[in-house]
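# Geometric and topological summary
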Amino acid sequence: MQINNVFDNKNMVCIANTGCYYVYEHQKDLSVTPWDASRSYFMHEMNVRRRQVLCSLNGNSVKLQAGAMQWIAGNIQASSGVKGVGDFVGKMFKGAVTGESAAKPLYTGQGYMMLEPTYRHLLIEDVGAWGQGMVLDDGLFLACDAQIQESITRRRNVSSAVLGGEGLFNLCLSGQGYAVLESPVPRDELFEFVLNNEELRIDGNMAIAWSSTLQFTVETLTGNALGSAVSKEGFVNVYRGTGKVLMAPTLAGVMPSGNGPESTPTSSHGLGSTIAGSLFNA
């Protein structure tokens, strides 16, 4: 099959390639109207651009977030990824608690498959490099190799679920292979912390992925309600152990307050919240 104006398209630049995944970035939106031209121009200048993943299959298989496929060229077969009623119920539960689709279709064969465009940034992660597994923030999964195992990680205590802004359950990927994630920020902005039996504290749910070997809790920064009230710091997400954490320094929804440094709606401040936190930390 001959495919024109894809690989030789000057407006689509391949910005990353690992495994069978290619990340393409549209340099400009060429189909704007006169009424949208100004907005599109400034979006381009601020790196707000459409990005897509191209999967090159040569007998291998990939799993996708449901509805992510845009077009397929070649001999590629799709299956639902559901093995029965019981499996479907289990996948529905996983999807409900992690923000992912209940079922992840499996595509196998030879050819090319392009995924739907997104304005989010696309990361290709080597899952095996995360050791026993990598835990994802809700809604980040886009695609992965078929041999990657999915499981649900549950918070180890009530405080991390109620106060951490991360939810009670998260999707955990493990095994050997690659996964594609939708990130709120580009890779160049991500902070990577490598812990060796150490501790990392983050004010708010800024971590987008962390090693499954790390223990995640939520605590007051000073260890007591009065100290937290005086310092004006409420709850912090604490990661302990050996592993690594990917953190976004900025997230959508973080707006200048007008009276000081930026604040994020996911952080918990104030005397009432710190008293509640001290009860959980007790």
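The rules behind the values
- Residues numbered from 1 in each chain as written.
- Predicted model: local features only at pLDDT ≥ 70, side-chain atom pairs only at ≥ 80, totals over all residues.
- Heavy atoms only, no water.
- Helix = DSSP H or I, 4+ residues; strand = E, 2+ residues; numbered from the N terminus.
- Contact = heavy atoms within 4.5 Å.
- Areas by Shrake-Rupley, 256 points an atom, 1.4 Å probe, with all protein chains shown as cover.
- 1 Å grid on protein atoms, 1.4 Å probe; cavity = no way out; pocket = protein on both sides within 12 Å on 5 of 7 lines; lining within 4 Å.
- Points joined across faces, edges and corners; volume = space filled by probe spheres on them.
- Phe/Tyr/Trp six-rings, centres within 6.5 Å; stacked < 30°, edge-to-face > 60°.
- Lys NZ or Arg CZ within 6 Å of the ring centre and 35° of its normal.
- Salt bridge = Lys/Arg side-chain N within 4 Å of Asp/Glu carboxyl O.
- Buried < 20%, exposed > 50% of the residue type's maximum accessible area, 1.4 Å probe, protein only.
- Patch = residues over 30% accessible without salt bridge, like charges linked within 9 Å, V, L, I, M, F, W, Y side chains within 5 Å.
- Pairing = 2+ DSSP bridges.
- pLDDT = per-residue confidence, 0-100.
- Core = buried A, V, L, I, M, F, W, Y, C linked by side-chain atoms within 4.5 Å.
- Disulfide = S-S within 2.5 Å.

With that settled, the discussion passes to the overall build of the protein. Each helix and strand counted, the protein has five helices and 15 strands in total. Sequence-distant contacts, at least 24 apart, represent 80% of the contacts inside the protein between residues at least 6 apart. With the model as given, the accessible surface of the protein reaches about 14,300 Å², and the carbon-plus-sulfur share is 54%.

By volume, the second largest pocket amounts to about 260 Å³. Counting only elements with at least two residues in the lining of the second largest pocket, the list comes to β1 (12–18), β2 (21–26) and β6 (121–126). Here the lining of the second largest pocket gets four residues from one element, more than from any other, and that element is β6.

How two aromatic rings sit relative to each other is given by the distance of their centres and the angle of their planes. By the definition in use, this model includes five aromatic pairs. Here a set of aromatic residues connected by ring pairs shows up, and it is made of Trp210, Phe216 and Tyr239. Of note, lysine 104 hangs over the ring of phenylalanine 141, and the distance from its end group to the ring centre comes to 5.2 Å. Lying over the aromatic face of tryptophan 130, lysine 244 brings its terminal NZ or CZ to 4.5 Å of the ring centre.

A separate point is the pattern of salt bridges. Applying the stated criterion across every chain yields a total of 10 salt bridges. A salt bridge links arginine 187 to glutamate 125; the shortest N-O distance between them is 2.4 Å. Highlighted residues: arginine 187 in the loop between β11 (178–183) and β12 (191–202) and glutamate 125 in strand β6, separated in sequence by 62 residues. On the accessibility criterion, arginine 187 (39% relative accessible area) is partly exposed. Sharing partners across several salt bridges, the network here consists of Glu199, Arg201, Glu219 and Arg240.

Glancing now at a nonpolar patch on the surface. Taken together, the side chains of Met46, Val48 and Tyr119 make up a nonpolar region of the molecular surface, amounting to roughly 300 Å² of accessible area. When you line up the elements, methionine 46 lands in the loop between α1 (37–45) and β3 (51–64).

Okay, the pairing of strand β14 (residues 215–220) next. A large share of β14 lies buried, amounting to five of its six residues. Pairing geometry for β14 and strand β15 (residues 235–247), over six bridges, is antiparallel. Of the residues in β15, the one forming a bridge with threonine 217 is valine 238.

Looking now at unusual backbone geometry. The phi torsion at asparagine 47 lies on the positive side, around 65°, for a residue other than glycine. For asparagine 47, the location among the structural elements is in the loop between α1 and β3. The class of asparagine 47 is partly exposed, set by a relative accessible area of 30%. Unlike most non-glycine residues, asparagine 197 shows phi in positive territory, near 55°. On the secondary structure map, asparagine 197 appears in strand β12.

For the rest of this paragraph, the subject is the confidence of the model for the protein. Residues with a pLDDT of 70 or more make up 72% of the protein, whose mean pLDDT is 81. Within the model, the stretch residues 225–232 combines pLDDT values under 50 with 14 contacts to residues more than four positions away or in other chains. Confidence drops under a pLDDT of 50 for residues 254–282, and excluding neighbours within four residues, the segment shows 42 contacts in the predicted structure.

Further remarks concern the environment of proline 184. Mapped onto the fold, proline 184 is located in the loop between β11 and β12. Taking relative accessible area as the criterion, proline 184 reaches 32% and is therefore assigned partly exposed. For proline 184 and histidine 121, which are 63 residues apart along the polypeptide, the C-alpha to C-alpha distance reads 6.2 Å.

Before going further, it helps to spend a moment on the nonpolar core. Met134, Leu136, Leu173, Leu190, Ile208 and Ala209 are the most contacted members of the largest nonpolar core, which totals 19 residues. Within the residue set of this core, elements represented by two or more residues are β7 (134–136), β8 (141–145), β10 (169–174), β11 and β13 (207–211). In this structure, isoleucine 208 is in contact with Leu123, Val135, Leu136, Asp137, Leu140, Ser183, Pro184, Leu190, Leu246 and Ala248, ignoring residues within four places of it in sequence. The next biggest cluster of nonpolar side chains, apart from the first, holds 18 residues, and it includes Cys55, Tyr107, Ile124 and Leu142.

Let us now look at the state of the cysteines. Counted by the stated rule, this structure contains zero disulfides. Looking at cysteine 144, it has no disulfide partner, and the nearest cysteine sulfur is the one in cysteine 20, 10.0 Å off. On the basis of relative accessibility, which here comes to 0%, the residue cysteine 144 falls in the buried class.

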